[in-house]
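The primary structure of each chain is shown beneath.
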Amino acid sequence: QVQLVESGGGLVQAGGSLRLSCAASGRIFNINTVGWYRQAPGKQRDLVATIANGGRANYADSVKGRFTISRDNAKNTVSLQMDSLKPEDTAVYYCNFRTYVDYWGRGTQVTVSS
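Nothing here was measured: the structure is a model prediction, and the numbers come from that model.

The next point concerns the overall build of the chain. Across its full length, the chain holds zero helices and 11 strands. When the elements of the chain are put in sequence order from the N terminus, they spell out β-β-β-β-β-β-β-β-β-β-β. For a compact globule of 114 residues, the expected C-alpha radius of gyration is about 13 Å, and the chain comes in at 13 Å, within 12% of that figure. Principal axes of the C-alpha set define a box for the chain whose edges measure 40 × 25 × 25 Å. Accessible area for the chain stands at about 6400 Å²; split by element, carbon and sulfur atoms hold 45% of it.

This brings us to unusual backbone geometry. If you check the backbone angles, Asn76 has positive phi at about 55 degrees while not being a glycine. Residue position: Asn76 is located in the loop between strand S7 (67–72) and strand S8 (77–82). Positioned with a positive phi, Ser84 is a non-glycine residue whose angle comes to about 50 degrees. Along the chain, Ser84 turns up in the loop between S8 and strand S9 (91–98).

Here the focus is the sheet that holds strand S1 (residues 3–7). Taken in spatial order, the four strands line up as S1-S3-S8-S7 in an open sheet, and their pairing is antiparallel. Each edge of the open sheet is held by one strand with a lone partner, namely S1 and S7. Going from strand to strand, the sheet's axes swing by 15 degrees on average, the running direction of each strand aside. Where S1 lies against strand S3 (residues 18–25), five bridges are found, and the strand directions are antiparallel. Residue pairing for S3: Gln3 is matched across the bridge by Ser25.

Below, the discussion takes up the environment of Gly16. With respect to the helices and strands, Gly16 occurs in the loop between strand S2 (10–13) and S3. Given the relative accessible area of 18%, Gly16 is considered buried. For the pair Gly16 and Tyr94, spaced 78 residues apart in sequence, the C-alpha separation works out to 20 Å. Non-local contacts of Gly16, meaning those with residues more than four positions away in its chain, are made with Met82, Asp83, Ser84 and Leu85.

Along strand S11 (residues 108–113), the buried face is formed by Thr108, Val110 and Val112; none of Gln109, Thr111 and Ser113, which line the opposite face, is buried. Pairing of S9 with S11 involves three bridges; the strand directions are antiparallel. Bridge pairing in S11 places Val92 opposite Gln109.

As a further point, take the pattern of salt bridges. For side chains of opposite charge, pairing can occur when their charged atoms come near one another. The full count for this structure, using the stated rule, is three salt bridges. Residue Arg38 pairs with Asp89 through a salt bridge whose shortest N-O separation is 2.9 Å. Residue Arg38 is located in strand S4 (residues 34–39), and its partner Asp89 is located in the loop between S8 and S9; the two are separated by 51 residues in the primary sequence. Its relative accessible area of 13% is what places Arg38 among the buried residues. Overall, the relative accessible area of 0% leaves Asp89 in the buried class.

Thresholds applied
- Residues numbered from 1 in each chain as written.
- Predicted model: local features only at pLDDT ≥ 70, side-chain atom pairs only at ≥ 80, totals over all residues.
- Heavy atoms only, no water.
- Helix = DSSP H or I, 4+ residues; strand = E, 2+ residues; numbered from the N terminus.
- Rg over C-alpha atoms; globule rule 2.2 N^0.38 Å.
- Areas by Shrake-Rupley, 256 points an atom, 1.4 Å probe, with all protein chains shown as cover.
- Pairing = 2+ DSSP bridges.
- Axes fitted to C-alpha atoms, helices over the stretch in contact; angles between N-to-C directions.
- Buried < 20%, exposed > 50% of the residue type's maximum accessible area, 1.4 Å probe, protein only.
- Contact = heavy atoms within 4.5 Å.
- Salt bridge = Lys/Arg side-chain N within 4 Å of Asp/Glu carboxyl O.

Printed below as a string of structure tokens:
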């Protein structure tokens, strides 16, 4: 059974930084694009950043220039470096691995205080 586990969430002041990591375990193959999504209370789950197999990254406009996504294909991990955090970044962050099906982590809470 495939499992994705996020880590690195927590409480940080505005302007601070956090680094999220997600590790996939189990029999997962043919991983394509991986990414991060977030969902704030009362809002939809939105794409934050994705990174393709070759390393090409895409970012939501709201995080562009502040967040950096990376992946380690050998370890089946994806990370999200979050700098210059804002209160509006507060959300549960979910990692996503795309194969023939999509796999999702359970989420990690990021809270940014004013």
